[in-house]
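Listed below, chain by chain, are the residues.
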Amino acid sequence: QVQLQESGPGLVKPSQTLSLTCTVSGGSITTNNNYWSWIRRPPGQGLEWMGAITYSGSIYYSPSLKSRTSISADTSKNQFTLQLSSVTPEDTAVYYCATTNKLTTTPGEYHYWGQGTQVTVSS
């Protein structure tokens, strides 16, 4: 069974870079037809798809975030990462990593999720 776990600092100062890691177990990020995404939920708001990296290494970003977002993978550690630069308090959210077997920007179509990690942007 695929399991995902987010890790990283829970507090980031404005203008800094938010960095999170998703550690995957029970499956490989390079397995054919696996797609790995970062999704977030700001307080009182819905889920927002941020971007994804595919099993083959292709990377896709939400147009609204692409200028500030970087997703990468470390296949030797079975991890993928999120970096969100120039953060503001509006980036405060619960951040999730998630996976499914197709490329989709719709959070409801993802099958497996990490438990989420709260990240607060505050000075």
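The preceding data block contains the structure.
Remember, it's a predicted structure, so these values are computed and weren't measured experimentally. (Residues numbered from 1 in each chain as written. Predicted model: local features only at pLDDT ≥ 70, side-chain atom pairs only at ≥ 80, totals over all residues. Heavy atoms only, no water.)

## A word on the packing of aromatic side chains
The condition that has to hold: Between 30 and 60 degrees the pair is tilted, below 30 it is stacked and above 60 it is edge-to-face, where a pair is any two Phe, Tyr or Trp rings, Trp via its six-membered ring, whose centres lie within 6.5 Å. We count a stretch as a helix when DSSP gives it H or I for four or more residues in a row; a strand needs E for two or more, and each element gets its number in order from the N terminus. Only protein chains enter the accessibility calculation, which uses a 1.4 Å probe; a residue whose area is less than 20% of its type maximum is buried, one above 50% is exposed, and one in between is partly exposed.
Counting across every chain of the model gives 4 aromatic pairs. When the ring of Tyr35 is compared with that of Tyr55, the centres are 5.6 Å apart and the planes differ by 90 degrees; the resulting orientation is edge-to-face. Residue Tyr35 is found in strand E4 (residues 35-41), and its partner Tyr55 is found in the loop between strand E5 (48-54) and strand E6 (59-61); the two are separated by 20 residues along the sequence. Judged by relative accessible area, which is 12%, Tyr35 ranks as buried. In textbook terms, an aromatic cluster arises when at least three aromatic residues are bridged by ring pairs, as seen for Trp36, Trp38 and Phe80.

## A few points about the pairing of strand E9 (residues 93-100)
Remark: a regular strand shows side chains that alternate across the two faces of the sheet. In plain terms, the rule: Pairing between two strands requires that DSSP report at least two bridges joining them.
Extensive coverage of E9 is indicated by the burial of 7 of its 8 residues. Relative to E9, E4 is paired through 7 bridges, and the arrangement is antiparallel. Bridge pairing in E9 places Tyr35 opposite Thr100. Relative to strand E11 (residues 117-121), E9 runs antiparallel, the two being bridged by 3 bridges. Within E11, the position partnered with Val94 by the bridge is Gln118.

## What to know about the nonpolar core
Test applied: As used here, the term nonpolar core means buried Ala, Val, Leu, Ile, Met, Phe, Trp, Tyr and Cys residues forming a set that is joined through side-chain atoms within 4.5 Å.
Formed by 22 residues in total, the largest nonpolar core has its most connected members in Leu18, Trp38, Phe80, Leu82 and Tyr95. Counting residues per element, the ones that place at least two in this core are strand E3 (18-25), E4, E5, strand E8 (79-84), E9 and E11. When residues in this core are grouped by element, the largest group, 4 residues, is from E3. Of all hydrophobic cores here, the second largest spans 5 residues; its members include Ile39, Trp49, Ala52 and Ala98.

## Some remarks on the state of the cysteines
Threshold: The criterion for a disulfide is a pair of cysteine sulfur atoms lying within 2.5 Å.
Tallied over the entire structure, the rule returns 1 disulfide. What pairs with Cys22 in a disulfide is Cys97, and their sulfur atoms sit 2.1 Å apart. Disulfide Cys22-Cys97: the torsion about the S-S bond is 70 degrees, which places it as right-handed. One end of the pair, Cys22, is in strand E3; the other, Cys97, is in strand E9, with 75 residues separating them in the sequence.

## Notes on the environment of Gln1
The following threshold applies: Pairs of residues are marked as contacts when any of their non-hydrogen atoms sit within 4.5 Å.
Turning to its location among the elements, Gln1 is positioned in the segment before strand E1 (3-7). Each C-alpha atom, one on Gln1 and one on Ser25, is 8.0 Å from the other, the two residues being 24 residues apart in sequence. The contact partners of Gln1, leaving out residues within four places of it in the chain, are Ser25, Gly26 and Tyr112.

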